[in-house]
Amino acid sequence: MARQPGGNDIARLRLRAQHIVSATGSSPVDAVSHMLAMQGQDLPGTLWAIGLRSHATESQVRDAFDSGDLVRSWPMRGTLHALTPHDLRLLLPLSRDRVVSSLAARHRELGIDSNDVAVAEHAAEQALSEAGALSRKDLLAAFERAGQSTAGQRGTHLLFLLAHAGLVCLGPFRGKEQLFVLFERWGPADAPLPDREEALARVALRYFQSHGPATVEDLAWWTKLTLTDARWGTAAVRERLAVFSIGGRKYFASPDTADPSPRAPGARSVVTLPGFDEFILGYTDRSAALAAEHSSLIVPGNNGVFKPTVVIGGRVVGTWTRLDRPRTVEVSAHLFRRLTDAEEHSLARAFDAYVEFRGRPVTLAVSAHPLVTTDTVFAG
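These numbers were taken from a predicted model, which means no experiment stands behind them.

The rules behind these values
Residues numbered from 1 in each chain as written. Predicted model: local features only at pLDDT ≥ 70, side-chain atom pairs only at ≥ 80, totals over all residues. Heavy atoms only, no water. Axes fitted to C-alpha atoms, helices over the stretch in contact; angles between N-to-C directions. Helix = DSSP H or I, 4+ residues; strand = E, 2+ residues; numbered from the N terminus. Parallel < 35°, antiparallel > 145°, perpendicular 65-115°, else oblique. Contact = heavy atoms within 4.5 Å. Nonpolar A, V, L, I, M, F, W, Y, C, P; charged D, E, K, R; others polar. 1 Å grid on protein atoms, 1.4 Å probe; cavity = no way out; pocket = protein on both sides within 12 Å on 5 of 7 lines; lining within 4 Å. Points joined across faces, edges and corners; volume = space filled by probe spheres on them. Phe/Tyr/Trp six-rings, centres within 6.5 Å; stacked < 30°, edge-to-face > 60°. Buried < 20%, exposed > 50% of the residue type's maximum accessible area, 1.4 Å probe, protein only. Lys NZ or Arg CZ within 6 Å of the ring centre and 35° of its normal.

Draft legend 1. Seen up close, the packing of helix α2 (residues 28-35) against helix α3 (residues 43-54). At a minimum axis distance of 8 Å, the contact between α2 and α3 shows a crossing angle of 100 degrees. By the criterion of interaxial angle, the relationship of α2 to α3 is roughly perpendicular. Residues P28, A31, V32 and M35 of α2 form the contact with α3, whose participating residues are I50, R53 and S54. Classifying every residue of the contact of α2 with α3 gives five nonpolar, one polar and one charged.

Draft legend 2. Inspection of empty space enclosed by the protein at higher detail. On inspection of all chains with the given rule, the structure shows two cavities of 30 Å³ or more. In this structure, the largest cavity encloses a volume near 60 Å³. If you trace the largest cavity, you find 14 residues lining it, with Q39, A49, G275, F276 and D277 closest to the centre. Ranked by residue count, the leading element in the lining of the largest cavity is α3, at four residues. Looking at the lining of the largest cavity residue by residue, the class counts come to four nonpolar, six polar and four charged. Approximately 50 Å³ is the volume found for the second largest cavity.

Draft legend 3. How the structure looks around unusual backbone geometry. With omega at 5 degrees, the peptide bond leading from G212 into P213 counts as cis. Relative to the helices and strands, P213 is located in the loop between α11 (196-211) and α12 (216-223). Even without glycine at this site, L36 takes up a positive phi of about 75 degrees. The residue L36 is located in the loop between α2 and β1 (38-39) in this model. Although it is not a glycine, F276 sits at a positive phi angle of roughly 65 degrees. Looking at the secondary structure, you find F276 in the loop between β8 (270-273) and α14 (278-281).

Draft legend 4. Highlighting the packing of aromatic side chains. Under the definition given, this model contains twelve aromatic pairs. Between W48 and Y354, the ring centres sit 5.1 Å apart and the planes meet at 75 degrees, which makes this aromatic pair edge-to-face. Note that W48 is positioned in helix α3 and Y354 in helix α16 (residues 341-358), a separation of 306 residues in sequence. The pair formed by W48 and Y354 is uniform in burial state, with each residue classed as buried. Ring plane angle 65 degrees and centroid distance 5.4 Å describe the contact between Y207 and F208, whose orientation is recorded as edge-to-face. For Y207, a relative accessible area of 0% corresponds to the buried category. Among the aromatic residues, ring-to-ring pairing joins W48, W320, F351, Y354 and F357 into one connected group. Across from the ring centre of Y283, 3.6 Å away, lies the NZ or CZ of R14, which sits over that ring. Just above the ring of F173 sits the side chain of R62; from NZ or CZ to the centre is 4.3 Å.

Everything listed is a geometric property; what it means functionally is a separate question.
Right, here's the structure in full:
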């Protein structure tokens, strides 16, 4: 009989559930669909997060957006995510009212009312019907021509409201920029949507299958659902999930990824994650992967900007940065501790995967993180 997972197993089991260490060479669309939705604030990082989980190249991931198989939008929490058009339709109605209501005070400050949104809606429909796809700058210019100021954050909030209403989303690329399109034209419905109760059950099942081990509180936070809805959806699919308790908290996961055996994938894995990755941001409590003393090194000044990370055996052991040159990419890894020879070799292999993804030479420099270096922690 397999032993029950413990606290030290949570992070590496999540690596497997998220297909970070068990990617099967699936397509970018399959990888994103498995995750239901993936953090999408940083576009280059989003592309790598998808490539890492699918073994696809950057070009192949971009092609999935250019074809309309993937989009980016704000399905929940007021946060950009990458997902399929079908899953965007599934998620939007579940928390839309709560998210928009939570911003009511800010919209009053910005002078945005229902009439302003209607004017922006008409302007977007007209401009995108004519052009097909527009940059953020050009779409905001259409708002201005319609008499809607976009100064400060007003334009950003108008775009968010139109996306949350299901009118627009981010679709194809023009160079390095992703363009806005009319959602219903770009990604037409391919199947009828379930009723709310069935939708809650589907979302709960897919979240725990792709993010487990996780708690009901994680599900509620991730989706911006009420705890009541999160509990209802979880109860509806509980028999299809592995359930276990750690530290007095109940965790749910796919039975396929709940084996904590040391031989299972993830125990000694070395991976290089982008900033804002679901492995770090997909949960209310990040302590399973990130030591408290290193939190400020991942989000300097608690400014909400998450750095790319080096993860060994499910634990964050450093950060990394990239600098795109005309013909190469310069990568620097900044570590919190000294690596073993085997870990150093695995880290180089992990960046080899990034070389394949980018399709161009990558130079790697490894050093101790300047804020944690000591003679005893990182000697020699």
